[in-house]
Amino acid sequence: MPTTVPPGFVADASLRVWVVTSLANPAAPIVSSEINAGTTIDASCYLTNGFNPDANTATISDDRLCLAQVLEDMGTTTWSIDDIEYIYDVQNAASVSNKLYAGLPQGASVFLVARYGMSVDTAPAAGQKVDVFPVKVGPGRKLPPERNTKGRVRQKPFVNGVVQRDVALV
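I will try to describe carefully the structure that is included in this document. (Residues numbered from 1 in each chain as written. Predicted model: local features only at pLDDT ≥ 70, side-chain atom pairs only at ≥ 80, totals over all residues. Heavy atoms only, no water.)

### Focus on the overall build of the protein
So, point 1. Scanning the protein for helices and strands turns up 2 helices and 11 strands.
So, point 2. The linear arrangement of helices and strands in the protein, starting from the amino end, is β-α-β-β-β-β-α-β-β-β-β-β-β.
So, point 3. Scaling as 2.2 N^0.38, a compact globule of 170 residues should have a C-alpha radius of gyration of about 15 Å, whereas the protein reaches 20 Å, well beyond that.
So, point 4. Counting only C-alpha atoms, the protein reaches 70 × 40 × 40 Å along its principal axes.
So, point 5. Summarising the internal contacts of the protein: among those between residues at least 6 apart in sequence, 66% fall at separations of at least 24.
So, point 6. For the protein, the separation between the mean place of its 14 positive charges and that of its 16 negative charges on side chains is 9 Å. (Helix = DSSP H or I, 4+ residues; strand = E, 2+ residues; numbered from the N terminus. Rg over C-alpha atoms; globule rule 2.2 N^0.38 Å. Contact = heavy atoms within 4.5 Å. Lys, Arg positive; Asp, Glu negative; His and termini not counted. Charge placed at Lys NZ, Arg CZ, Asp CG, Glu CD.)

Here it is in structure tokens:
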């Protein structure tokens, strides 16, 4: 039998991240009234260092008297998200470049909704799969200016609720 090579998807420009202020049901985000709400920020083109959620699962040691081997089982999972970095324009509060910075004040509780595997230019629609991360954001730290870069802010999102993975937009 010939080997089948799965095509996967091209990763370039295939992740869209929204900052949503309110979700009635994080397991079923509503496109029309939540993802497309006037308060929602499409953070995709603000982010400069990617978006990197991570899960760390504890190991349960299962040491049985009758076995010469120690078994393992899966314990609790801790979700985290690496610091996000994004552009800003603090001297021009009305600038579109300042929208994410203004929308993520220290202590804000928001949802980071991530859609993988489809062009960022594709509008959100029912049935598309997303991951939902309830977070509280730490302080935004302005990064030192560097040549040949844009001004950037670094900020830590703290996962403070149950993460929903691969849930469908409705």
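### Topic: unusual backbone geometry
So, point 1. The phi dihedral of N148 is positive, around 60 degrees, even though this residue is not glycine.
So, point 2. Within the fold, N148 resides in the loop between β8 (141-142) and β9 (152-155).
So, point 3. Although it is not a glycine, D166 sits at a positive phi angle of roughly 55 degrees.
So, point 4. Here D166 lies in strand β11 (residues 164-168).

### Digging into the sheet that holds strand β5 (residues 84-87)
So, point 1. Taken together, the 3 strands give an open sheet; going across it, the order is β5-β9-β8, and neighbouring strands pair in antiparallel fashion. Two strands lie at the open edges of the sheet, namely β5 and β8, each paired on one side alone. (Pairing = 2+ DSSP bridges.)

### With respect to the nonpolar core
Within soluble globular proteins, side chains that are nonpolar generally end up buried alongside one another.
So, point 1. Among the nonpolar cores identified, the biggest contains 22 residues, and V19, L47, F51, Y86, L100, L104 and F133 are the most heavily contacted of them.
So, point 2. Those elements that provide at least two residues to this core are β1 (15-20), β5, β6 (109-116) and β7 (129-137).
So, point 3. Grouped together as the second largest cluster of nonpolar side chains are 11 residues, V20, L23, F111 and L169 included. (Core = buried A, V, L, I, M, F, W, Y, C linked by side-chain atoms within 4.5 Å. Buried < 20%, exposed > 50% of the residue type's maximum accessible area, 1.4 Å probe, protein only.)

### Some points on the pattern of salt bridges
So, point 1. Per the stated rule, a full pass over the model turns up 6 salt bridges.
So, point 2. Look at the salt bridges and you will find they share partners, linking E85, E146, R152 and R154 into a network. (Salt bridge = Lys/Arg side-chain N within 4 Å of Asp/Glu carboxyl O.)

### Notes on the side chain of N98
So, point 1. Relative to the helices and strands, N98 resides in the loop between β5 and α2 (99-103).
So, point 2. When its relative accessible area of 4% is taken as the criterion, N98 is described as buried.
So, point 3. Here the side chain of N98 touches V90 through a polar contact of 3.5 Å, landing on its backbone nitrogen.
So, point 4. With residues up to four places along the chain from it excluded, the contact list for N98 reads Y88, D89, V90, N92 and A93. (Polar contact = N/O pair within 3.5 Å; in protein donor to acceptor, adjacent residues only side chain to side chain.)

### Details of the environment of L23
So, point 1. For L23, the location among the structural elements is in the loop between β1 and α1 (31-35).
So, point 2. Considered as a pair, L23 and E34 are 11 residues apart in the sequence and their alpha carbons are 6.4 Å apart.
So, point 3. Sequence-distant contacts of L23, defined by excluding residues within four places in its chain, comprise P29, E34, F111, V113 and V132.

Keep in mind these numbers describe shape, not what the thing actually does.
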